[in-house]
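A closer look at the structure
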Amino acid sequence: MVLGREFEEMCAQMYYRGKMFGFVHLYSGQEAVSTGVIKACLRKDDFISSTYRDHVHALSKGVSARKVMAELFGKKTGVSRGQGGSMHLFDREHGLLGGYAFIGEGIPIGLGAAYQVAYSRRVLGNESDDRVAVNFFGDGTCNVGQFYESLNMATLYKLPCIFVVENNKWAIGMNHPRATAPSGIADNEPWIYKKGPAFGMPGVHVDGMDVMKVREVAMEAVERARRGEGPTLIEAETYRYRGHSLADPDELRRKEEKEHYAARDPIPQFAKYMVANGLATESDIKALEAKVKEVVDDCVEYAENSPKPDMSQLLENVFADPKGFGIGPDGRYRYENPGFTAGTAEVS
Amino acid sequence: MQRLGCGAAALLRRSQGDGAAAALVPQLVRSYATTQMTIRDALNSAMDEEMARDETVFIMGEEVAEYQGAYKITRGLLQKYGPKRVKDTPITEAGFTGIGVGAAFQGLRPIVEFMTFNFSMQAIDQIVNSAAKHHYMSSGAVTCPIVFRGANGAAAGVAAQHSQCFAAWYSSVPGLKVLAPYDSEDARGLLKAAIRDPDPVVFLENEILYGEPFPVDEAVLDKDFVVPIGKAKIMRSGSDITLVGFGKMVGYNLKAAELLEQEGISAEVLNLRSLKPIDRDAIAASVRKTHRVLSVEEGWPQSGVGSEIISIAIEECFDDLDAPPERVTGAEVPMPYAQNLEAAALPTVEHVVAAVKRMMGK
């Protein structure tokens, strides 16, 4: 959680210094969800699908902080060699399916990973395959068709997946109750977790500012999925401490609301819990914070000193088989021409 | 594309010496301008005036009301017309676009704002299968007076999923009209025309241009100023080559023309304004005059708008051409994030200048 926070706050600094560009969406405030689900309950071979707010999900899943920072700097040493950027982090080795910029787009993708696990068990005979896929998305996404289509198929096909809604109350400037209808005839609240039972799966609400509580519900959902008993929908109530992205003036959220959630900051809350329960001392926590600062500073230095992508990358990875670029006037495949990947926007 | 014979043709044309005459033609847009207006204000005032004129006009989309628009294009409209006519929607493109189309079938005139046109992919069934085809399928019984508008094409640093030009996609669909403004005059006049039009109009804006001020004269500020759909505009007259573009690329072409003028090449700059219907006559007339045509667009090359421009030039005035038509386009790759790759994926003024010189045999 501390790494997540420090990393994101460093991103803000680097964005304002012009080291990263475009849209940068920070996760500060929501760390208990990422840590409580991914770090606490998942294995390296499990899958997660994320959104444009994906840096900390990647870190929790074990992706190198250096490689994430380098990606945000648009450097060759980044997770996607600078081709993906902030909203599109991918790491196959760590089961990070991707950061998806479109609302709801990542959910069926995560479901596809779960489908592959189910296929491996049921068709390919790998009965011990108990990997799971966790789909992360926000409250704004719970009104998108792909979410409902996925809930239906997850139960229909009994897939090993978990839906985690990080309800931070605001979709850019749209407050959750302004966008989502009440969840019941006698219930005026737009609960998202209550949509679970309508699709034949458990729906659980959890305090997303409390990492231990998140861990508890996630553990149960993950175990259920590993046993082959199907999906779970978890709604974690949380809050982002910054605007939607660093370009958002954040003028609509009330000061009182921000203060309410600032007082429930998951990091000091958990530090207090650890000290009270004899899990760590104040000095342990200080040492950890110092260590994390070092790690984050190291990431920045690494990213700063890394080379830019080679121009050859402009045309690499468009196809797995570059024959897709077609045949040139000399009868050879275009990609075989020397200098093909030298990169030019001019096409004639 | 082959470029055989280009040099010889260029030599022939140079001997006519019409470059000097073209240099005397003033840039009409700037000569009588009185006021500066940003594209944002042009779009905003167009919607404002049309909402005041016709109470069946309403706006819906994500963040259009309380947030005042993700790019502040709808600023102030909620305060003026209230939440019933400026409607914030959930993030449900397929749903709210469908509602807009359904309401238009019943006689309302919705303006559906896509935060960017990338998100219109979620709603393309409603745009292509519903909006574009109902008039035909119902044998004229149903009309769909709707405007789909928002930022199209590449912004800066927003990578593969947020940087795509949909001009070629939408302009290939029968039943849709597709407009792309370049300056504030276009933005105001075309948007007002789109809102008043009885058919579905796809209105492609450019995020990078929103804050850009352009000179406008009194006529443009008139409440009934509309730009006719289907007519291109000559932004700069020239005699050696026609540079055809739409949206932001018109600005690139104007800059390129200035640079080329210093080298004695007179380029005519044609602003398409309307991609569907496309002004075949204007393209052909210009090419007959200059004998060369270069199409410039940010989108991808294959089956792009440039393919259409070149087809028109060949179909309409093959015998007038002194050089094979060419196009400058974005590279045929998803938009990379890293700045150096992103820059290499997009057309530049230098690309336009280099292509023109090559076509002129210089």
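An unreviewed UniProt entry annotates chain B as Pyruvate dehydrogenase E1 component subunit beta of Chlorella variabilis. The record in UniProt for chain B states the following under Subcellular location (unreviewed entry): "Mitochondrion". Recorded in UniProt for chain B, the comment headed Function (unreviewed entry) runs: "The pyruvate dehydrogenase complex catalyzes the overall conversion of pyruvate to acetyl-CoA and CO2."

Per an unreviewed UniProt entry, the recorded name for chain A is Pyruvate dehydrogenase E1 component subunit alpha, and the organism is Chlorella variabilis. Among the UniProt annotations of chain A, the heading Function (unreviewed entry) holds the following wording: "The pyruvate dehydrogenase complex catalyzes the overall conversion of pyruvate to acetyl-CoA and CO(2). It contains multiple copies of three enzymatic components: pyruvate dehydrogenase (E1), dihydrolipoamide acetyltransferase (E2) and lipoamide dehydrogenase (E3)."

**Concerning the overall build of chain A**
A tally of regular secondary structure across chain A gives twelve helices and eight strands. Expected size for 348 residues packed as a compact globule is a radius of gyration near 20 Å; at 22 Å, chain A falls within 12% of this value. Projected onto its principal axes, the C-alpha positions of chain A cover 70 × 50 × 40 Å. Relative to its full complement of 348 residues, chain A shows a buried share of 49%.

**Thoughts on the sheet that holds strand β14 (residues 326–328) of chain B**
Residue and element names in this part refer to chain B. Pairing in this open sheet of five strands is mixed, and the strands run β9-β11-β10-β13-β14 from one edge to the other. Of all the strands in the sheet, just β9 (233–236) and β14 have a single pairing partner and so form its edges. Put simply, the sheet's adjacent strands are angled 30° from each other on average, direction ignored. Summarising the sheet, strand β10 (residues 241–245) and strand β13 (residues 293–296) pair through three bridges and their orientation is parallel. Its bridge partner lying in β13, T242 is registered against V293. Running at roughly 170° to strand β11 (residues 267–271), helix α12 (residues 248–262) makes contact with β9, β10, β11 and β13 of the sheet. Helix α14 (residues 305–317) contacts β10, β13 and β14 of the sheet and is inclined by roughly 165° relative to β13.

**What about the UniProt feature "domain: Dehydrogenase E1 component" (unreviewed entry) in chain A?**
Mapped onto this numbering, the UniProt entry annotates "domain: Dehydrogenase E1 component" (unreviewed entry) at residues 1–311 of chain A. With 44% helix and 12% strand, the stretch residues 1–311 of chain A has end C-alpha atoms that lie 36 Å from each other.

**What about the confidence of the model for chain A?**
With 98% of its residues at a pLDDT of 70 or more, chain A shows a mean pLDDT of 94. Low pLDDT (under 50) marks residues 343–348 of chain A, which in the prediction has 23 contacts with non-local residues, meaning those over four places away or in another chain.

**Structural notes on the sheet that holds strand β4 (residues 109–116) of chain B**
All names here are of chain B. Ordered in space as β3-β2-β4-β5-β7-β6-β12, the seven strands form an open sheet in which the pairing is mixed. Single-partner strands in this sheet number two, and they are β3 (86–88) and β12 (274–276). Direction aside, neighbouring strands of the sheet carry axes that sit 20° apart on average. Where strand β5 (residues 147–151) meets strand β7 (residues 201–205), five bridges bridge the pair, whose relative direction is parallel. The residue of β7 that forms the bridge with V147 is V201.

**Comments concerning the interface of chain B and chain A**
Interface extent is often summarised as the accessible area lost during association of the parts. Taken together, the contacts link 38 residues of chain B with 38 residues of chain A. Secondary structure elements with two or more residues in the side of chain B that touches chain A: β14, α15 (339–345) and α16 (349–359) of chain B. The dominant element in the side of chain B that touches chain A, judged by the number of residues it contributes, is α15 of chain B, at five residues. Of the residues that constitute the side of chain B that touches chain A, the class distribution is 23 nonpolar, nine polar and six charged.

**Comments concerning the UniProt feature "domain: Transketolase-like pyrimidine-binding" (unreviewed entry) in chain B**
Taken from the UniProt record, the annotation "domain: Transketolase-like pyrimidine-binding" (unreviewed entry) applies to residues 37–212 of chain B. For residues 37–212 of chain B, helix accounts for 35% and strand for 18%, while the C-alpha atoms at its two ends are 8 Å apart.

**Some details on the packing of helix α4 (residues 39–53) of chain B against helix α10 (residues 184–196) of chain B**
Residue and element names in this part refer to chain B. Axis separation between α4 and α10 bottoms out at 8 Å; the angle between their running directions is 25°. With respect to each other, α4 and α10 are oriented roughly parallel. When the axes of α4 and α10 are compared, the crossing they make is right-handed. Contacts from I39, A42, L43, S45, A46, M47 and E50 in α4 reach S184, A187, R188, L191, K192 and I195 in α10. Tallied by class, the residues present in the contact of α4 with α10 amount to eight nonpolar, two polar and three charged.

**Here we look at the confidence of the model for chain B**
For chain B, the mean per-residue pLDDT works out to 91, and 91% of the residues sit at or above 70. Every residue in residues 1–31 of chain B scores below 50 in pLDDT, and together they form 41 contacts with partners more than four places removed in sequence or on other chains.

**Thoughts on the nonpolar core**
Core analysis: the largest hydrophobic core is formed by 207 residues, its most contacted members being I234 of chain A together with A167, L243 and V356 of chain B. What A167 of chain B contacts, discounting residues up to four positions off in sequence, is N152, V178, A180, L204, F246, L275, G299 and V305 of chain B.

**Some details on the environment of Y71 of chain B**
Residue and element names in this part refer to chain B. For Y71, the position within the fold is in the loop between β2 (57–61) and α5 (77–81). A sequence separation of 52 residues divides Y71 from A123, and the C-alpha atoms of the two residues are 20 Å apart. Discounting chain neighbours no more than four positions away, the residues touching Y71 are A151, E207 and Y210.

**Re the domain arrangement of chain B**
Residues and elements named next belong to chain B. Domain boundaries assigned for chain B yield domain 1 (6–32 + 231–359) and domain 2 (36–221). One C-alpha centre belongs to domain 1, the other to domain 2; they are set 27 Å apart. Listed per partner, the contact involves 25 residues of domain 1 and 25 residues of domain 2. Partitioning the side of domain 1 that touches domain 2 into residue classes produces eleven nonpolar, seven polar and seven charged.

**Brief notes about the environment of A159 of chain B**
Relative to the helices and strands, A159 of chain B resides in the loop between β5 and α9 (167–170). For the pair formed by A159 of chain B and A338 of chain B, sequence separation is 179 residues and the distance between their alpha carbons is 8.3 Å.

**Section: the environment of F136 of chain A**
All names here are of chain A. Checked against the element boundaries, F136 lands in strand β3 (residues 133–138). Accessibility expressed as a C-beta count within 10 Å gives 27 for F136, which makes it buried. Separated by 88 residues in the primary sequence, F136 and I48 have C-alpha atoms spaced 7.4 Å apart. Discounting chain neighbours no more than four positions away, the residues touching F136 are I48, S49, S50, T51, H57, V164 and E166.

**Describing the packing of α12 of chain B against α16 of chain B**
Residue and element names in this part refer to chain B. Where α12 meets α16, the closest approach of the two axes is 9 Å, and the angle between their N-to-C directions is 50°. With respect to α16, the axis of α12 lies oblique. Crossing of α12 against α16: the hand is right-handed. Residues Y252, N253, K255, A256, L259 and L260 of α12 touch α16, and the partners they reach there are V349, V352, V353 and V356. Considering only residue class, the contact of α12 with α16 consists of eight nonpolar, one polar and one charged.

Conventions and cut-offs
- Chains are numbered independently. Their residues run from 1 in the order of the written sequence.
- Labels are handed out in written order, letters beginning with A for the chains and numbers beginning with 1 for the ligands.
- This being a predicted model, a pLDDT of at least 70 is required before a residue's local features are given, and a value of 80 or more before pairs of side-chain atoms are given or counted; all residues contribute to the totals for chains, interfaces and linings.
- UniProt positions are given in the numbering used here, feature names are shortened, and annotations may be inferred rather than shown by experiment.
- What counts as a helix is a DSSP run of H or I of at least four residues, what counts as a strand is a run of E of at least two, and both are numbered from the N terminus.
- We compute the radius of gyration from the C-alpha atoms alone; for a globule the expected value is 2.2 Å times N to the 0.38, where N is the number of residues.
- Field definition: a residue is buried when 20 or more other C-beta atoms are found within 10 Å of its C-beta, exposed when 12 or fewer are, and partly exposed for counts in between, with C-beta atoms placed from the backbone.
- At least two bridges found by DSSP between two strands are what make those strands a pair.
- Where helices are involved, their axes are fitted lines through C-alpha atoms of the stretch in contact, as for all axes, and angles between N-to-C directions lie from 0 to 180°.
- Note that contacts rest on C-beta atoms placed from the backbone: two residues are in contact if these are within 7 Å.
- For every residue, the predictor reports its confidence as pLDDT, a number between 0 and 100.
- Polar here means any residue outside two lists: the nonpolar Ala, Val, Leu, Ile, Met, Phe, Trp, Tyr, Cys and Pro, and the charged Asp, Glu, Lys and Arg; Gly therefore counts as polar.
- In what follows, roughly perpendicular refers to angles from 65 to 115 degrees, roughly parallel to angles under 35, roughly antiparallel to angles over 145, and oblique to any angle outside these ranges.
- Throughout, a crossing is termed right-handed when the near helix is turned clockwise from the far one, and left-handed when it is turned anticlockwise from it by less than a right angle.
- Put simply, a nonpolar core is a cluster of buried Ala, Val, Leu, Ile, Met, Phe, Trp, Tyr and Cys residues tied together by C-beta atoms within 7 Å.
- As annotated, the domain borders come from an automatic or database domain assignment.

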